[in-house]
Every structure is written in structure tokens, then in C-alpha cells.
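A look at the structure
The chain contents come next:
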Amino acid sequence: MTATDGGAPATGARRRDAAATRRALLDAASGRFVRLGYDRTTLRDVAADVGVNLALIKRYFGSKEGLFKAALAATPRFLGRDGEFPRDRAGLAEALGRQLSAGAWPEFGEHPVLMLLRASGDERVDGLRRRALLDFSRQVLDASGTERGDEAGLLRAELLVALGVGVAVIRSTVGLAPLRDASPQDLAEPLRDVVEALLGPPRGE
């Protein structure tokens, strides 16, 4: 069957093209949100990066806020592989070393967590940023072996998240050596020590 004698293949191709365009828009938007922040990223620039009409962004995402939400959701690898978050402290340390090492995020140019740091001037968007960091901290809390609802444990988890964010900022904005060039292997042992020190004794010990 051809695209003219029933239409199914053409429809399938359009769906594939739409998915590829949506993915390209998300990639372009994520890169701009990371480098420039929410306020300085414009829908017109994102559309120009991909070479499509501005109306497509509004069709797929509804608004700039919708695009930002989708960009956050499309970067699940902050610590996990294929979207799966580490389940224990050893996994946390290994994932931190991998994600904070030199050259870990070539598709963004900088660590995508920077997307969550730059103020937007929009309280709803800033609420999304806070919620994303809180959810991330709660996942760290789960991996630490501490029950949710433990405020002291959550504080420790947030401190670990803050450490990771701080490393990303220093590597991005200062280029401090040897941190700037550290490999996952270089970071593994010190990060294991930091994870244990910050998270404290596991539950039941």
C-alpha cells in the first residue's frame, strides 16, 4: 500500500515526523533553559533553533510554561539510568560520580540541573522548580534508607542535592580544577564518603 491508496503509511509518517519535531523542540528548549534560564528563553528562538513555525510549539505544549514542564519531564537522568533512580547509597554515589563528571552532558553543554536554578520571575514556574528539587530530594531520601516524613532525614537529603547542584554550578561557571576535569573514577571514592557522611546512619542502625 502506498501513501495514496489508503493513507495509513502517510499517517504513520506524519506521526513519526510529529514525534521527532516535538523531541527536537524539547531538546532545543532544554538547552536554552539550561544556558539562559526561563526568563531569557523565548518561544520564537526555540522555534528558530528547530526551523519550525512558532505555532507548532503552542500546538504541542500550549505555552512557555507548558514547554518548561515538558522539558523538566524529559530530563529524567539526573541520577538514574534510563529514568530509573538509584535504590541505595552505593547507587547514589556511583550515579553522582557519573553525572557530575567532565563531559557528562554533551547534549546540553552544561548540567541540566542548572535549569532549576535561574529565577524565572514567574511564581508558578518557580513553584515547578522548587517541586522538582523537593521530589528529587525525596528520591534521595528513599535511596538513603530513611522513611519519608523524617524531617531530619529530608534535610540531609536536601544537603546532598545541594552539594550536587553546587558541583554542577562550579564546574559550569568557574571551571575549578581538578574538579573541572574529574572523571567518574576520580569522583567515586570521595563521593561515597560524602554520601555516607551527609545521609548519616541507615535506618535501624
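Conventions adopted
Residues numbered from 1 in each chain as written. Predicted model: local features only at pLDDT ≥ 70, side-chain atom pairs only at ≥ 80, totals over all residues. Heavy atoms only, no water. Phe/Tyr/Trp six-rings, centres within 6.5 Å; stacked < 30°, edge-to-face > 60°. Helix = DSSP H or I, 4+ residues; strand = E, 2+ residues; numbered from the N terminus. Buried < 20%, exposed > 50% of the residue type's maximum accessible area, 1.4 Å probe, protein only. Expected span 1.5 Å × (residues − 1). Contact = heavy atoms within 4.5 Å. Polar contact = N/O pair within 3.5 Å; in protein donor to acceptor, adjacent residues only side chain to side chain. pLDDT = per-residue confidence, 0-100. Patch = residues over 30% accessible without salt bridge, like charges linked within 9 Å, V, L, I, M, F, W, Y side chains within 5 Å. Areas by Shrake-Rupley, 256 points an atom, 1.4 Å probe, with all protein chains shown as cover. Salt bridge = Lys/Arg side-chain N within 4 Å of Asp/Glu carboxyl O. Lys, Arg positive; Asp, Glu negative; His and termini not counted. Charge placed at Lys NZ, Arg CZ, Asp CG, Glu CD. Axes fitted to C-alpha atoms, helices over the stretch in contact; angles between N-to-C directions. Parallel < 35°, antiparallel > 145°, perpendicular 65-115°, else oblique. Left-handed = near helix turned anticlockwise from the far one by under 90°. Nonpolar A, V, L, I, M, F, W, Y, C, P; charged D, E, K, R; others polar. Core = buried A, V, L, I, M, F, W, Y, C linked by side-chain atoms within 4.5 Å.

1. Brief notes about the packing of aromatic side chains
- If you walk through the whole model with that rule in mind, you get four aromatic pairs.
- Between the aromatic rings of F33 and F68, the centroid separation amounts to 5.0 Å while the plane-to-plane angle is 90°, which identifies the pairing as edge-to-face. Note that F33 is positioned in helix α1 (residues 8-40) and F68 in helix α4 (residues 64-73), a separation of 35 residues in sequence.
- Relative accessible area serves as the criterion here: at 0%, F33 is assigned to the buried category.
- When the ring of Y60 is compared with that of F61, the centres are 6.3 Å apart and the planes differ by 80°; the resulting orientation is edge-to-face.
- Under the relative-accessibility criterion, Y60 is labelled partly exposed at 24%.
- The class of F61 is buried, set by a relative accessible area of 10%.

2. Looking at helix α7 (residues 151-173)
- Its 23 residues place the ends of α7 32 Å apart at the C-alpha level, agreeing with the 33 Å of an ideal helix rising 1.5 Å per residue.
- Buried residues of α7: G153, L154, A157, L160, V161, G164, V165, V167 and A168, and no others.
- Contacts made by the buried residues of α7 are with α5 (89-99), α6 (123-144) and α8 (184-199).
- Two or three places before A152, at the start of α7, stands the capping residue D150, its side-chain oxygen 3.1 Å from that residue's backbone nitrogen.

3. Digging into the confidence of the model for the chain
- Averaged over the chain, the pLDDT score is 83; the fraction of residues at 70 or greater is 83%.
- Predicted confidence in the chain is weakest over α1, with a mean pLDDT of 80, and strongest over helix α2 (residues 43-50), with 96.
- Per-residue pLDDT stays below 50 along residues 1-8; that stretch engages in six contacts with residues further than four places along the chain or on separate chains.

4. Observations regarding a negative patch on the surface
- A contiguous patch of negative charge, built from E147, D150, E151 and E158, is present on the exposed surface.
- Assignment of secondary structure puts D150 in the loop between α6 and α7.

5. So, the environment of I57
- Locating I57 in the fold gives a position in helix α3 (residues 54-61).
- Residue classification places I57 among the buried positions, given a relative accessible area of 0%.
- I57 has contacts with L25, L43, V46, A47, G62 and L67, leaving out every residue within four places of it along the chain.

6. Focus: the packing of α5 against α8
- The contact between α5 and α8 brings their axes to 8 Å, and the two run at 135°. Between α5 and α8, the angle is such that the two are oblique. At the point where α5 passes α8, the crossing takes the right-handed sense. Along the contact surface, α5 presents R89, L92, A93, L96, G97 and R98, while α8 presents P184, L187, L191, R192, V195, E196 and L199.
- For the contact of α5 with α8, the class distribution of residues is eight nonpolar, one polar and four charged.

7. Let's talk about the nonpolar core
- With 44 residues, the main nonpolar core has F33, I57, L67, F68 and V140 as its most contacted residues.
- Contributions of two or more residues to this core are made by α1, α2, α3, α4, α5, α6, α7 and α8.
- In contact with V140, not counting residues within four places along its chain, are F85, L92, A157, L160, V161 and L199.

8. Describing the pattern of salt bridges
- Taken as a whole and assessed by the stated rule, the structure comprises 12 salt bridges.
- Residue R23 pairs with D27 through a salt bridge whose shortest N-O separation is 2.7 Å. In this pair, R23 and D27 both sit in helix α1, four residues apart, roughly one turn of the helix.
- For R23, a relative accessible area of 37% translates into the label partly exposed.
- Taking the relative accessible area as the measure of exposure, D27 reaches 40% and is therefore partly exposed.
- As a salt-bridge pair, E94 and R98 come within 2.7 Å of each other at their nearest N and O atoms. Taken together, the positions of E94 and R98, both in helix α5 and four residues apart, correspond to about one turn of that helix.
- For E94, a relative accessible area of 41% gives the class partly exposed.

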